[in-house]
Amino acid sequence: MSMIEMALNDVACSSCLGKIKKGIKRHRGIEKVSILSGSGKISINYNEDIIQLEEINRTVYKLTTRTFD
């Protein structure tokens, strides 16, 4: 299992972070998603045999874009 921390500097409200967290967790291969309070970051534990980092990055980008539309 691998872990990545991602900064979501443009996401300020906890409701938006919750929507993003929920959306990420839906993907196969994602083991755990944690919001790092007060830092504007999320921590994602994932199985690299099932999901690749590029796919996670695309997913987070799409989710943040949808959240603000």
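Analysis parameters
Residues numbered from 1 in each chain as written. Predicted model: local features only at pLDDT ≥ 70, side-chain atom pairs only at ≥ 80, totals over all residues. Heavy atoms only, no water. Pairing = 2+ DSSP bridges. Helix = DSSP H or I, 4+ residues; strand = E, 2+ residues; numbered from the N terminus. Axes fitted to C-alpha atoms, helices over the stretch in contact; angles between N-to-C directions. Contact = heavy atoms within 4.5 Å. Buried < 20%, exposed > 50% of the residue type's maximum accessible area, 1.4 Å probe, protein only. Core = buried A, V, L, I, M, F, W, Y, C linked by side-chain atoms within 4.5 Å.

**Considering the sheet that holds strand β2 (residues 30-36)**
For step 1, the next point in the chain: With antiparallel pairing, the 3 strands of this open sheet are ordered in space as β1-β3-β2. Either end of the sheet is taken by a strand with one partner, and the two such strands are β1 (2-7) and β2. The mean inter-strand angle of the sheet, taken between neighbouring strand axes irrespective of direction, is 20°.
For step 2, the next point in the chain: Two strands pair when backbone bridges link them, and β2 and strand β3 (residues 41-46) are joined in this way by 6 bridges, in the antiparallel orientation.

**Re the environment of Asp49**
For step 1, the next point in the chain: Considering the arrangement of structural elements, one finds Asp49 in the loop between β3 and α2 (53-68).
For step 2, the next point in the chain: A C-alpha to C-alpha distance of 7.8 Å links Asp49 and Gly29, two positions 20 residues apart in sequence.

**Section: the side chain of Ser43**
For step 1, the next point in the chain: Along the polypeptide, Ser43 turns up in strand β3.
For step 2, the next point in the chain: Ser43 has contacts with Met3, Ile4, Glu5, Lys32, Val33, Ser34 and Leu36, leaving out every residue within four places of it along the chain.

**Comments concerning the side chain of Asn45**
For step 1, the next point in the chain: Tracing the sequence through the fold places Asn45 in strand β3.
For step 2, the next point in the chain: For Asn45, a relative accessible area of 19% puts it in the buried group.
For step 3, the next point in the chain: The contacts of Asn45, once residues within four sequence positions are left out, are Met1, Ser2, Met3, Gly29, Ile30, Glu31 and Lys32.

**Brief notes about the nonpolar core**
For step 1, the next point in the chain: Counting 15 residues, the largest nonpolar core has Met6, Ile24, Ile30, Ile44, Tyr46, Ile56 and Val60 as the members making the most contacts within it.
For step 2, the next point in the chain: Of all the elements in the fold, those that place two or more residues in this core are β1, α1 (14-25), β2, β3 and α2.
For step 3, the next point in the chain: Setting aside its immediate chain neighbours within four residues, Ile30 contacts Ile24, Lys25, Ile44, Asn45, Tyr46, Ile51 and Ile56.

Shape is all these values report; function is a separate question.
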